[in-house]
Amino acid sequence: MQAPQDDAGAGGTGDRAEAQGGSRNPGDSGSAGSSEGKGSLSGPGHLSDPRGLEGRSGCDGQGAHGGPESQSGPAREGAVGEVAVATPQCEQAAHAPGSRGDAGPMARGSRSRLLEFTLIVPFQSPLEADMAHRSLAPDTQRQPGVVQKEFTVNGSTLTIRWTAEDPVLFRISINSFLDRLSLVVRNIQRLGLPASLKQGRGKGPES
Amino acid sequence: MPVVLGFEGSANKIGVGVVRDGEVLANPRRTYVTPPGTGFLPGDTARHHRAVILDLLQEALTEAGLTSQDIDCIAYTKVSKILVPISVLLGPGMGAPLASVAVVARTVAQLWNKPLLGVNHCIGHIEMGRLITGATSPTVLYVSGGNTQVIAYSEHRYRIFGETIDIAVGNCLDRFARVLKISNDPSPGYNIEQMAKQGKKLVELPYTVKGMDVSFSGILSFIEDVAERMLSTGECTPEDLCFSLQETVFAMLVEITERAMAHCGSQEALIVGGVGCNVRLQEMMETMCQERGAQLFATDERFCIDNGAMIAQAGWEMFQAGHRTPLSESGITQRYRTDEVEVTWRD
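Residues numbered from 1 in each chain as written. Chains lettered and ligands numbered in written order. Predicted model: local features only at pLDDT ≥ 70, side-chain atom pairs only at ≥ 80, totals over all residues. Heavy atoms only, no water.

A. Up close: the packing of aromatic side chains. All names here are of chain A. The final tally for this structure, using the stated rule, is four aromatic pairs over all chains. Considering the side-chain rings of Phe 117 and Trp 162, the 5.8 Å spacing of their centres and the 65° angle between planes classify their relative orientation as edge-to-face. Of this pair, Phe 117 sits in strand β2 (residues 115–122) while Trp 162 sits in strand β4 (residues 157–164), and the two are 45 residues apart along the sequence. Both residues of the pair, Phe 117 and Trp 162, count as buried. For the pair Trp 162 and Phe 177, a centre-to-centre distance of 5.1 Å together with 75° between the ring planes defines the contact as edge-to-face. Residue Trp 162 is located in strand β4, and its partner Phe 177 is located in helix α5 (residues 167–191); the two are separated by 15 residues in the primary sequence. What makes Trp 162 buried here is its relative accessible area of 0%. A relative accessible area of 0% places Phe 177 in the buried class. Here the aromatic cluster, defined as three or more aromatic residues joined through ring pairs, consists of Phe 117, Phe 151, Trp 162 and Phe 177. (Phe/Tyr/Trp six-rings, centres within 6.5 Å; stacked < 30°, edge-to-face > 60°. Helix = DSSP H or I, 4+ residues; strand = E, 2+ residues; numbered from the N terminus. Buried < 20%, exposed > 50% of the residue type's maximum accessible area, 1.4 Å probe, protein only.)

If you want it as structure tokens, here you go:
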């Protein structure tokens, strides 16, 4: 989905996220989906209205390679977030629950609507992707089962997939995650990867 | 001679501290202050912390005159028992600030290839109190915006003898400050303390000690009502109310601390936590201690108020005792109570 012009932005593209800059931290360039961790996320550019998602994307559900390279400001070292959103109401997206590989508690026949959001973050190296994963994954939901997060590391790419029924908690989880992701990236940039780790020696602290 | 770096950010203070063998080498801190009449919310607090934490880390190293090579362990607040009545919509409790700090601790630990140590916030306060004051085995009164507990050490646990059954005493004071629109700079409690010194009239408030425990939410509701009524008729001044609130809640704290001391036969009392900065509380506790022939210990605002060095100090003790927190188990939690930690570093 290309740069959404309407309010119901699913975090959109770098341009859009930049525009929402406002109170961004210095050094944060536009990550996919600006995030104000407060929780009252009703401003434009936030992952605000799930109904908007379904209204817009129709059945191009899968494809959301909306992130132009403009997102990678110097501060990010090319860590660009792409957003792919599957719309539950759409036929194609009906694959999405199935693709989780389990029949699970998803009530396909009913009107219960499962919201999904996938964030694909390319890092500069597998080491960084792995590091970010280990930094971000341990803080699990306080209400397990309400919002599910699935992490995958593939080479230099970290992928996170959210599923939830409650749109508010869904939104909060994604937005606050994006804040922490941004912090991790800044952290790595600011301290820099030590040479020993770069060469692949030493696995870092026990996982 | 291990050197431990500690991160703390569970409430509105964010601090990074460095401790080496009982010496505090650095302890920079920033406080997120909100306008009068408001309190701090998790999302905004987290944003504040994220904005300054990397600078603070740098400051701490510079102040300590150290580099990453010199650090042996990264400690961070893993457990905070801060109970803030915030609706589910905003995210439960103060998880956001805590998580923001935790991700940095994990990232730094990986970048520098150092072991990670998750610390219980309350134990951080206690261990720093013991270090700074030299108290050997005190009955601890832990009082802050998020916690109110009377604690004594016994057989490898910090046992909770008494606590609040609803809100923390600091929370009661902070919320009363909001009602009067008292400034939050440097902290609402400090400003209440200054105003209380000008109070002349004691307004009678409910006194709610329940056995070994205390309750503050009723007092808060009461004084909020009273404030509205009495201030408009001029029956009392805001200073009188600050004075009355302090006298009442502090007397309650003294009572439950004394009860615990009597139970344990303790000759030492230690006050930790932000409310411990309050000189009036210290005076009242001192009076009680003198009457019992016991000794009172307290720290100054550098260590009473949440800070990074206290986490580093507790981390130092734990590190020496062999504790480590694997990354996969380093998730933050607000569920573990002070008395669930095994204190292996004391006899």
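Now that the structure is up, let's keep going.
B. Seen up close, the sheet that holds strand β13 (residues 295–298) of chain B. All names here are of chain B. Reading across the sheet, the five strands line up as β9-β8-β7-β12-β13 and stay open at both edges, with mixed pairing between neighbours. Of all the strands in the sheet, the pair left with one neighbour each is β9 (157–163) and β13. Averaged over all pairs of adjacent strands, the angle between strand axes in this sheet comes to 25°, irrespective of strand direction. In this structure, strand β12 (residues 268–272) lies alongside β13, joined through four bridges in parallel fashion. Bridging across to β13, Ile 271 finds its partner in Ala 298. Sitting on the sheet, helix α8 (residues 279–292) is in contact with β7 (139–143), β12 and β13, with an inclination near 160° to β13. (Pairing = 2+ DSSP bridges. Axes fitted to C-alpha atoms, helices over the stretch in contact; angles between N-to-C directions. Contact = heavy atoms within 4.5 Å.)

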